[in-house]
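Commentary on secondary and tertiary structure
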Amino acid sequence: METLTSLPVSTVIILGTHLGTLPVAHWFSRYNSSEKSLWLSKHRVAALLGLATILICYQWSALQLILQWLISYTLLHTVPKHQLGKISFVILYGHVIVVNAFKFIYKYGDISLDYTGSMMLGTMRLTSLAFSIQDSTKPEEKLTELQKQRVMKQDITLEKHFCYCFSFIGILFGPFIFYEDHEKYMNKKSSEFDANNYKATLTLLQGVLALIIVIVALPHYPVEKNFDPEVLASGVLYKHWILYITMFIAKCRYYFAWLTAQAAAIYAGYDAEEDSNITATVNPLKIELTTSLKQFIDNWNMFTAKWLRYTCFERLPSHKALVTFVVSALWHGFLPGYMIMFVPLAFYTAVGQKLHKVVRPKFQSSDAMRTLYALVTWVGAAVTICFNGTGFQLLFTDKIWLVQSGLYFYPHIIALLLFVVLPSPTRKPDTSKKVTINGAKHSHQPEKISTHTNMSN
C-alpha cells in the first residue's frame, strides 16, 4: 500500500472521483429524461455531473475548462464555417500550449495530475467538432473516408455543445468520442438499449489487474531504478531487463486509468452492441506482444491517435508523420522528454515501413521463418519502445541521457543503419492503360477481385 499512501492528496481526489464515475455511469444508463421535467434533460444531467467532477478535482482551476468551452462556443458563432476547424484548432490548441508554457516556467518539474489532462480531452472534443462542421462546406470528393463519416451539417444548440464539452463520461481520463457518436447515444432512451455489463466488467477487471500490478511492483521497480548506481554499473542485458520491467509497470498505470474510464463509458451505455468499439482506449495484450511500432501506436492511447489522425495527419500536405508527432509532443507539455520521445517516432515509423515491405516478404516461405521473423521483430519492438519511452517517463534531459547513454544509444544507431542499408520499397507499377477513343483518353484498369479473408500480419 506504500504506492497509494505516497500519492499527493490532489491525485487521490482525482482517482477517487474517477472511480466514483463507475456506479454513476451504471445509474445513468437507466436514466430516462422523458419521464422527468424538461430541466432535467439527459444532456443537462450529464453536463452537471461533469461540472461537479471538475470542481471537486480541480477547484478554481476548473475555470480554465470553462474558458475553453466559452472560446469554442464563441468561435462557433463568429467564424465562417469553411474556416472554423482551422481557426478553432489554432486557438484551442494554442490555449493548451500557453498553459503548458506557464507550467514550464512557474512549475518546472511538477508532473502531478492536474486540470491539463481534462483540457487536452476538451481540446480533442471541441476541435474535432469544429472540423466536422468545416468539412460540411467541402465537396465530398475532397474528403477522406474518415472525414466523410464525421461531416456534421445540422446546427448545434447551446445545451448540446455544453454537454459534449462537460459530460462526466470521459472528462478526466477519456475516452474521446466523436460528437456524432456522443449525440446518438444521448438521444437514446433507456428502453432502447441495455448497457453491455459483461463487456464493461471484463474491461474493468483488466484495469483492476493493472492497478494490482502497480501497487505490488512499483515500490520495487520505479522508473528511477534505471539510474541506480548498481544498475548503471551493470551490463547491457541487465540494464535492458530493468528497463523492460520498469516500463511495463509504468504502462500499467495508464492501463488502469484508461481501461476503468472505458468501463465507465460502457456501463453508461456506449458500445452496447457487441461489435461496437467507439470507446476503445488501449489494448494491453497487443501492446505487450507488438512486433512493430505501428502496431504499438495503433493500440496505445487509441482515442488520441484517432483525434490526431482526424484533425492533423489527414489534413497536412507533407511531412505528415513528423508534424503530427511534434504536435503531440507540444500538446503533452514543454518538458524536453516529450520531444525526445515523440520526434524520433517519425524516423522509427519510416524504418518500420522499410522492414515490413522489404524484409518481411523474405520470411514468408514457411511457418518456421514467419515465427522467426515475429520473434525477432517482437524483441526489436520491445527494445525500441522501452528505450524511446524513457523520454516520456523520465522527462528531464539529465535523467534520459543517463539511461540512454548507458545503452550506448544503440537502438538509434541500429535504426539509422537499417534506414541507410535497406532499399526504399518499390512502388507497384501502374497497370492502368490509356486508350484513345474518338480523340479522348480513357483509363482502362483490369477487374479487381475482392476476397474476404481474415489474415493477421
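Use the structure listed above.
Here is what the cut-offs are and how they apply
- Residues numbered from 1 in each chain as written.
- Predicted model: local features only at pLDDT ≥ 70, side-chain atom pairs only at ≥ 80, totals over all residues.
- Heavy atoms only, no water.
- Salt bridge = Lys/Arg side-chain N within 4 Å of Asp/Glu carboxyl O.
- Helix = DSSP H or I, 4+ residues; strand = E, 2+ residues; numbered from the N terminus.
- Buried < 20%, exposed > 50% of the residue type's maximum accessible area, 1.4 Å probe, protein only.
- Axes fitted to C-alpha atoms, helices over the stretch in contact; angles between N-to-C directions.
- Parallel < 35°, antiparallel > 145°, perpendicular 65-115°, else oblique.
- Left-handed = near helix turned anticlockwise from the far one by under 90°.
- Contact = heavy atoms within 4.5 Å.
- Nonpolar A, V, L, I, M, F, W, Y, C, P; charged D, E, K, R; others polar.
- Expected span 1.5 Å × (residues − 1).
- Bend = angle between axes of the 7 residues up to and from the residue.
- Lys, Arg positive; Asp, Glu negative; His and termini not counted.
- Core = buried A, V, L, I, M, F, W, Y, C linked by side-chain atoms within 4.5 Å.
- Patch = residues over 30% accessible without salt bridge, like charges linked within 9 Å, V, L, I, M, F, W, Y side chains within 5 Å.
- Areas by Shrake-Rupley, 256 points an atom, 1.4 Å probe, with all protein chains shown as cover.
- Polar contact = N/O pair within 3.5 Å; in protein donor to acceptor, adjacent residues only side chain to side chain.

**Description of the pattern of salt bridges**
Throughout the structure, instances matching the rule amount to 12 salt bridges. Across the pair Arg150 and Glu180 runs a salt bridge whose closest N-O atoms are separated by 3.5 Å. Here the residue Arg150 occupies a position in helix H7 (residues 145–150), and Glu180 occupies one in helix H9 (residues 179–186), the gap between them amounting to 30 residues. Judged by its relative accessible area of 14%, Arg150 is buried. Of the residues examined, Glu180 reaches a relative accessible area of 36% and is grouped as partly exposed. Lys160 is paired through a salt bridge with Glu183; the nearest N and O atoms lie 3.7 Å apart. With Lys160 in helix H8 (residues 158–166) and Glu183 in helix H9, this residue pair connects regions lying 23 residues apart in the sequence.

**Comments concerning the packing of helix H17 (residues 336–359) against helix H20 (residues 410–421)**
It is at 10 Å that the axes of H17 and H20 come closest, and there the two elements cross at 50 degrees. Here H17 lies oblique to H20, going by the angle between them. Crossing hand, H17 versus H20: left-handed. Where H17 abuts H20, its residues Pro344, Phe347, Tyr348, Ala350, Val351, Lys354 and Leu355 lie against Pro411, His412, Ala415, Leu416, Leu418 and Phe419.

**Re the packing of helix H2 (residues 9–28) against helix H3 (residues 42–58)**
At a minimum axis separation of 10 Å, H2 and H3 run at an interaxial angle of 165 degrees. Relative to H3, H2 is oriented roughly antiparallel. The handedness of the crossing between H2 and H3 comes out as right-handed. Along its contact with H2, which presents Ile13, Ile14, Thr17, Val24, Trp27 and Phe28, the element H3 presents Lys42, Val45, Ala46, Leu49, Thr53, Ile56, Cys57 and Tyr58. Residues of the contact of H2 with H3, tallied by class, amount to 11 nonpolar, two polar and one charged.

**Here we look at unusual backbone geometry**
Put simply, Gly174 and Pro175 share a cis peptide bond, and its omega is 5 degrees. Assignment of secondary structure puts Pro175 in the loop between H8 and H9. Residue Asp271 is not a glycine yet carries a positive backbone phi of 55 degrees. Note that Asp271 resides in the loop between helix H12 (236–268) and helix H13 (284–288). For Asp271, a relative accessible area of 2% gives the class buried. Look at Tyr408: it is not a glycine, yet its phi comes out positive at around 60 degrees. The residue Tyr408 is located in the loop between helix H19 (397–406) and H20 in this model.

**Describing H2**
In this model H2 runs 28 Å from its N-terminal to its C-terminal C-alpha over 20 residues, within 8% of the 28 Å that 1.5 Å per residue would give. By the largest-angle criterion, Leu22 marks the main kink of H2, which is about 30 degrees, and a proline, Pro23, follows within four residues. Looking at H2, one finds that the buried residues are Thr11, Ile14, Thr17, His18, Thr21, Leu22, Ala25 and Phe28.

**Considerations on the side chain of Lys199**
Secondary-structure assignment places Lys199 in helix H10 (residues 197–217). The buried charged residue Lys199 lacks any salt bridge, with Asp271 as its nearest oppositely charged partner at 4.3 Å. Setting aside residues no more than four positions away along its own chain, Lys199 makes contact with Ile266, Asp271, Glu273, Glu274 and Ser276.

**Quick look at H17**
In this model, H17 (24 residues) spans 34 Å end to end at C-alpha, consistent with the 34 Å of a helix rising 1.5 Å per residue. Residue Leu345 marks the point of greatest curvature in H17, where the axis turns by about 30 degrees. Listing the buried residues of H17 in full gives Gly337, Tyr338, Met341, Phe342, Pro344, Leu345, Ala346, Tyr348, Val351, Lys354, Val358 and Val359. Where the residues of H17 are buried, they touch helix H14 (293–299), helix H16 (320–332), helix H18 (367–394), H19 and H20.

**Quick word on the nonpolar core**
Grouped together as the largest cluster of nonpolar side chains are 89 residues, with contacts concentrated most on Ile54, Tyr58, Phe166, Tyr255 and Phe342. Take this core: its biggest share by element is 10 residues, from H12. When residues no more than four places from it in sequence are discounted, the contact partners of Tyr58 are Ile14, Leu65, Asp114, Tyr115, Ser118 and Leu172. Counting 22 residues, the second largest nonpolar core, distinct from the first, contains Ala25, Phe28, Ala46 and Phe168.

**Some details on a nonpolar patch on the surface**
On the surface, Phe102, Phe104, Ile105, Tyr106 and Phe334 cluster together into a nonpolar patch covering about 530 Å² of accessible area. Residue placement: Phe104 occurs in helix H5 (residues 81–106).

**Brief notes about the side chain of Ser29**
Positionally, Ser29 belongs in the loop between H2 and H3. Residue classification places Ser29 among the buried residues on the basis of a relative accessible area of 4%. Polar side-chain contacts of Ser29 include one of 3.2 Å to the side chain of Arg30.

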